[in-house]
Structure formats: C-alpha cells, structure tokens
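A look at the structure
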Amino acid sequence: MPPTPSSVSFDPTRGLVVLQTPNSVYAVRIGADGSPRHLHWGEPLDTDALCGLPAAASPAASSFETDPAPDELAPQTGARFGQAGLQVRFADGTRGAQWSFTGHTVRDGELRLHLADRHYPLAAELGYRVRPGSDVIERWVELTHTGADDSGPITVDRLDSAAWTLPALPDYRLNHLVGGWNSEFQLQRDRLPVAETVLTSRRGLTSHHASPWIALDDGTADEEHGEVWSTALAWSGSWRITVHRDPVGRTTWTGGFGHEGLSWTIQPGQSLHTPVFAGLYTPDGFGAASRAWHAHIRTGVLPAPDRDRPVVYNSWEATGFDVDQPGQLSLARVAARLGAELFVLDDGWFGGRTSDRAGLGDWTPRPEAFPDGLRPLADEVHRLGMAFGLWVEPEMVNRDSDLYRAHPDWVVHAATRDATELRNQLMLNFARPEVEAWAHRTLDQLVRDHDVDWFKWDANRVVTEAGWAGHPDPDRLWIDHTRAVHRIMDRLRADHPGLRIEACAGGGGRADLGILARTDQVWTSDNTDPVDRINIQHGFSQLFPAQAMAAWVTDSPNVTTGRTTPLRFRFHVAMAGALGLGGDLTAWSEEELEEAAALVIRYKEIRPLVQHGHQYRLHGPAGLTAVHYASQDDTEHAVLAWRPATRFGHPAPGLPLPALDPAAHYLDIDEGITHSGAALTCQGIDLRLPAGDYASRLIRLRRTV
Ligand code: GLA
C-alpha cells in the first residue's frame, strides 16, 4: 500500500487542526478561550475519533486544579501554572497574552493559526509544516507588535517555538544527549521524574553538554520496537527545553531559543520569529526514529544532501600551530597518495598565530609560514587532485591581534565587568551589523583570493559577560549573533555554490538542525580515539545521519587518550561516518600507508551506503557493537562491527542483522559465501573477528535473490 500522503487541514466549524503524516496524526483544537490546545499526537486517528476525544478546555473541578488542556504555546494567563512558552509584558506592567483566534491560512503543506490579544496590540502566528513522505512536523511561532508607532515596546521574556504533549502512558522515559568537550553526544536514558526537568545551554552555542534533541517513550522501547516521540530544535545558540511530568501522569514539554533570564523588546511593527522545533512520532523504536530523522535531515535540512562527503585530510593533529608551506605540502602529497579528496589547512596559518595566544581576527596568511601567501599551497593541493579547505574561527578574536587593537568595542562585553578570556580569546559581537559585514567580507575575500573550496568554521569559546554597551535591547545579542552566523554561511554558499562548510565548535559544540541547514557536516569531537568514538557516534546518530558525521583516522597512541589501537580498527570506526585522515602521515610506515590506502578505497566503495543509505544500530553480545548500512533499494549492505575488548571464554556468537529480508539471499562479497536472509536475521552472521582487543570487521553483502 502506498504511504498516506502528508497533509494539513483545518475545519473551522469544529476548530480542528489535523496534520497527517504517513505514520501519525497530530491534532489541535481551538479552545473555547481562543487558545490552540493540543488534542492528539501519535498513531493515526480519523476525524470522528479525534472529535470524540475529551473537550479541550474543561472547567477546573477544583480551584486548585490546573487547566487540564495542554497548550500549543502556553500564554501565561488563566489557571495555567506550568512553564509558559510565551511570556510577555506590556507597558502598563500586565503580563501574558489572552488570545482571540482570528483565522488560519494553509499553503503548500504549511498551516498558520492566527491569534490576536484581546486587549493589547500583540499578534501571534503558530506555524506547522509537514513534508511529503515524512513523519516530522515542523513548528515555529511569529510574534508581532501590531500597535501604533506611539504605543511603546512589548517586552518578551520567553518565546518558545512550540509545546509538545504526549498521550497518557504508564510511565515516561527521557532519552537525551549529554557530554562535554571530548565526550560529546553521550546517550542518556532516564526515568522522567514527576517534576520539571530543564535541559538547556546558557553558553550562546548549542553546547557540548546538552543537545536540543530529546526522545520520550514509556520506558520499554528499544531499537526496533515501541512508540517514540522525539523533538529537535533548529537553533545554534542558547536554548531551553522544559519537560513537565505532572503528578496525574501528563507529560508536556516546551522549548525554544534563549535561556532563562533573557528578555527582548519588540517595537510597534516589529516581529520576532522563532527557530523551528521539529517533532516526530515513530511506532517502531529508536532505530526507526533515527532513520526518520536522517531522512528528514536529507530532504528538508541539509543544503547539499546528495553530494558525497569527500575523504578529508586535516593537518591539526599532525602539526598543531607549527604550520608552514613545506610541512603542509609534504602532508598534502601523502594525503593525496592515500586517496584524500580534500586537504584542510587547520589553525595557525594566519596573522600572528603561532599559539592560541595571538592572531585570531587577522585573517591574512602568516608571512613567516607562507611567504608567498596561500596560493602556492592551494594550487598544489588542487594539482594533486584534492579540494582546498581552510580552518577559520570568524567569531573570535585574541587581544593580541590587529583586529582587537583597531576595534576593542566589537567584542561581546559588559563595560563594567572583566571580560573573561577562554582559550585566550574573546568573542566578537556578530549582532552588530558592522561586525557581521566585516566577517562576511573577510570570508568572501578568502574564498576568492585562495580558491577555497571548504571552510572548517570553528568556535572555540562560549559567551560570558554578555553585554552590548549602549544598545537599548542588549539581550538581542543572544539571538542576533546566531542569526548573523547563519546568515553569513547562507550568503557565502549562495555566492559560491561549490563552497562547502564544516561546522565545528571545539568538536561537536554546535551541532543542531539550524547549523546543518547551512553546512555539510559537523566535526563530531576533538576526541579521535576510536573506542571513545563508538559511543560518541552512537549518540550522534540518534538524530544526525552518518554523512554529517566527520570522523578521522589519527595517529596511535591517540593524542587525547594515549590509547594504542590498530590502524584497521581506527579505520573501521571512522568509516561509519564521513571518513577523514588526521594524523602525521609523514611518520606512518610504508606498510601503514599501504593498508590505509586500501582502506580508503574500501571506504569509497561503501560510501554510497554509509552516506546515503539507511542506518541500523546493532548491539551484539560480548561487548560487540555494529552499524549496518543498507542501500535505499535493499540490494547492497555494509556492516561495520567493533569489539574493543575481549573477554576470555566469551567468543562472539553470530550478529543478527534484523533489517535484512528473511526471504532473500545475500552474498558475502569478500568471502564469496551466500547466506540465507532467514539465517542472517535470526542466527546472525559469523563475524570471525580476529583474536584480541580492538577487533573489527567490515562485511559487505549483496542481495542475490
Ligand atoms: C578546535 C577544533 C580542532 C582544531 C582546533 C584548532 O579545538 O575542534 O579540530 O581545529 O580548534 O585550534
């Protein structure tokens, strides 16, 4: 049966909004008080069933009960005591909105509900969008001051993008990602307490420490089974999501940009738009949820999803700040020999940048390192058949730089507070139009001057002492800085269609659907240890597809952890994403170089599966984990399996591959053996892992019938 097409509809007589996707229905009813109230999110229900659901706004049975009908965006009025997604203050001190529903518009899979405050000049549009074939529902809010010029500003203390509500479940579990620098994307599964749980970043970046993605289930879902509701916010600055499980068993969450304590003003005629907060219901477990997010990111987020991510060579772990033309050229030659398709010159090439104490802000080649500029290197890299990439950190400045000496006022600072330096650097205030214009001009010129094909756009500090001296609405910097970063990336891409951008913030500190809408991949973590990477990659894959996950093979022992691992194991882990090389290749033995070149060839063979196929996470027994990538048409398959530590007396049994078709047969391309699909799905494949720790294998299967 063909999947149900996605659609949005509004029935004005019943005040009923229905968003239909292939596997779910999302419904809203306009409450008697004019506020849109959540009705249903989950398995498909028809209109009759939806109309039979309890009335949205029921009067409180007791003066101590809260209003039982969850809001689509709680407006801080009435008997509502949960986290208000909209918090406004008017000039006379009155707080909150009281809505009249003023109509709706439907266009191209997009629905907007129009609301106006009954007394004050405030209007809101709640936006909903569905895309063909996807279960993801995108939501956002636009708030407008509709008053006359002399009506004074409205203060916005909070403007969330959306609130989400679950059906009643016997229990609730919160699945989310936590971490830190070098240990991003650690998947955490916690029973949701009867309380408000806040997930947030107050750093001005998405953050290493928490991600604006959550998934909820009843505590029993696994990779293949169980209902999962998940949401992801498309925002690359500070954010907050508050999940509320109340004592009578209702769970809602509200989320958006900014952290607590910020406030923004809107003047007459002005609007404030939120980022998109996208939601997804999946009936078939965490694996299906991830695959649906991956598909959404490919069809609705990434700017160039169909382009293969190149095999990158990046010089950072090889040379650090000790960068010069001869050294980079010798690395580039070996990288080309190994099959790299892109050479990225990392930190240290510009200004007075011989350490992290100086130079940020001065984006001209360092004469001692590149006496003739970057052209000779860029030309040679191109001649070797690779694209040329450059590391930049445009939002940052060292005090010891010409830029800071010329424009000390451009940094984010509060005039009466010490400006905290992090990694010896300060942050430029991109919310200032002249700073945004300077950054765009500088990057645009770099592309033109040096034939740059790729930027690795880094951000190695977060916001402290946020201030914008002299500005009437200084908290705008939390929104406008991030918007300026997005805008510059968008302009660069539009003006240079071949340019690709990798998002980086000290590793994976800025990974979200907002940054991915204008970049090609994320530098997942500064930690390149393959054992640690298995967990990091597992967490990353919950939301993001493998094509967006940059993964390098680096030297052993690893610079961060000191762990020694075989080259093959390092490759097999990194081959699960967008493969790169990051070590000091000039120190690799001839044997290692040959093995590496063969593994790069192998990666390119499976790249269509890894970067464009469906991903299945597998957990085998005895400390074994694996990822299975299947082509969209189910004919080609690649399985990467890793077992970091062996336990004596625990040989690895077969690894079941449940995504295969039990009725089909599959040829193991490397072994020349054909297996029945039934055996592979149930008994599993014999991995025949090499003895010892850090064992790994790549298995390639082709469907024969
Ligand atoms: C950050 C990045 C690294 C590297 C350094 C350079 O830490 O994540 O990959 O680019 O900066 O200073």
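Residues numbered from 1 in each chain as written. Predicted model: local features only at pLDDT ≥ 70, side-chain atom pairs only at ≥ 80, totals over all residues. Heavy atoms only, no water.

1. Quick look at the sheet that holds strand E3 (residues 24-30)
Put simply, the rule is: Note on pairing: two strands pair once DSSP finds at least 2 bridges between them. Counting from the N terminus, the helices are DSSP H or I runs at least four residues long and the strands are E runs at least two residues long. A fitted line through C-alpha atoms serves as each axis, taken over the contacting stretch for helices, and the angle formed by two N-to-C directions is quoted from 0 to 180°.
In spatial order, the strands read E1-E2-E3-E4; together these four strands make up an open sheet with antiparallel pairing. Of all the strands in the sheet, the pair left with one neighbour each is strand E1 (7-11) and strand E4 (36-42). Pairs of neighbouring strands in the sheet enclose a mean axial angle of 15 degrees, with direction left out of account. In this sheet, E4 lies alongside E3 in antiparallel orientation, the contact comprising six bridges. Bridge assignment links Arg-29 to a residue of E4, and that residue is Arg-37.

2. Considerations on the nonpolar core
Quick reminder of the rule: Throughout, nonpolar core names a set of buried Ala, Val, Leu, Ile, Met, Phe, Trp, Tyr and Cys residues whose side chains join them through atoms within 4.5 Å. Relative accessibility decides the category of a residue: with a 1.4 Å probe and only protein chains considered, values under 20% of the type maximum give buried, values over 50% give exposed, and everything between is partly exposed.
Counting 179 residues, the largest nonpolar core has Leu-143, Trp-253, Leu-345, Trp-349, Phe-455 and Phe-571 as its most contacted members. Residue contributions to this core peak at nine residues, all from helix H12 (residues 590-612). Of all hydrophobic cores here, the second largest spans 17 residues; its members include Ile-685, Leu-689, Ile-699 and Leu-701.

3. Quick notes on the pairing of strand E17 (residues 239-245)
When you tally the buried positions in E17, you get six out of seven residues, the bulk of the element. Judged from the six bridges that link them, strand E14 (residues 196-201) and E17 form a sheet pairing that is antiparallel. Residue Thr-200 lies in a different strand from E17, and its bridge partner there is Arg-240. Here E17 folds back onto strand E18 (residues 251-257), and the loop between the two strands holds five residues, one of which, Gly-249, carries a positive phi near 100 degrees.

4. Remarks on the packing of aromatic side chains
As a reminder, the rule being used: A pair of aromatic rings is counted whenever rings of Phe, Tyr or Trp (Trp by its six-membered ring) have centres within 6.5 Å, and the orientation is called stacked for planes under 30 degrees apart, edge-to-face for over 60 and tilted otherwise.
The final tally for this structure, using the stated rule, is 23 aromatic pairs. Measuring from ring centre to ring centre gives 4.2 Å for Phe-350 and Trp-363, while their planes differ by 40 degrees; the resulting arrangement is tilted. Residue Phe-350 is located in the loop between strand E23 (342-345) and helix H5 (375-383), and its partner Trp-363 is located in the loop between E23 and H5; the two are separated by 13 residues in the primary sequence. Take Phe-350 and Trp-363: they sit in the same class, and that class is buried. Here Phe-540 and Phe-544 contribute two aromatic rings whose centre-to-centre distance is 4.8 Å and whose plane-to-plane angle is 45 degrees, an arrangement assigned as tilted. Residue Phe-540 shares its accessibility class with Phe-544, and that shared class is buried.

5. Quick word on helix H4 (residues 325-338)
Here is the rule: How far a helix is expected to stretch is found by multiplying one less than its residue total by 1.5 Å. Note on contacts: a residue pair qualifies if any of its non-hydrogen atoms lie within 4.5 Å across the two residues. Each polar contact in these results corresponds to two N or O atoms within 3.5 Å; when the atoms are within protein, one needs to be able to donate a hydrogen and the other to accept it, and residues that are neighboring in sequence are counted only if both atoms are side-chain atoms.
Taking 1.5 Å of rise per residue, the 14 residues of H4 would be expected to cover 20 Å, and the 20 Å separating its terminal C-alpha atoms lies within 8% of that figure. Considered for burial, the residues of H4 that qualify are Gln-325, Gln-328, Leu-329, Leu-331, Ala-332, Val-334, Ala-335 and Leu-338. The inward-facing, buried residues of H4 abut strand E22 (312-314), helix H3 (316-319), E23, H5, strand E31 (578-581) and H12. Where H4 begins, the side chain of Asp-324 points an oxygen toward the backbone nitrogen of Gly-327, at a separation of 2.9 Å. One or two positions beyond H4, positive phi appears at Gly-339, with a value near 100 degrees.

6. Let's talk about the site of the ligand
The criterion, for reference: Proximity is defined per residue: any heavy atom of the residue falling within 4 Å of a molecule or strand makes that residue near it. Nonpolar residues are Ala, Val, Leu, Ile, Met, Phe, Trp, Tyr, Cys and Pro. Charged residues are Asp, Glu, Lys and Arg, and all others, Gly as well, are polar.
Neighbouring residues of the ligand: 13 residues in total, closest Asp-346, Asp-347, Arg-423, Lys-456 and Asp-526. Contact between the ligand and Trp-391: an oxygen atom at 3.0 Å from a side-chain N or O atom of the residue. Residue Asn-460 places a side-chain N or O atom 3.1 Å away from an oxygen atom belonging to the ligand. Here the shell around the ligand is built from residues that sort into four nonpolar, three polar and six charged.

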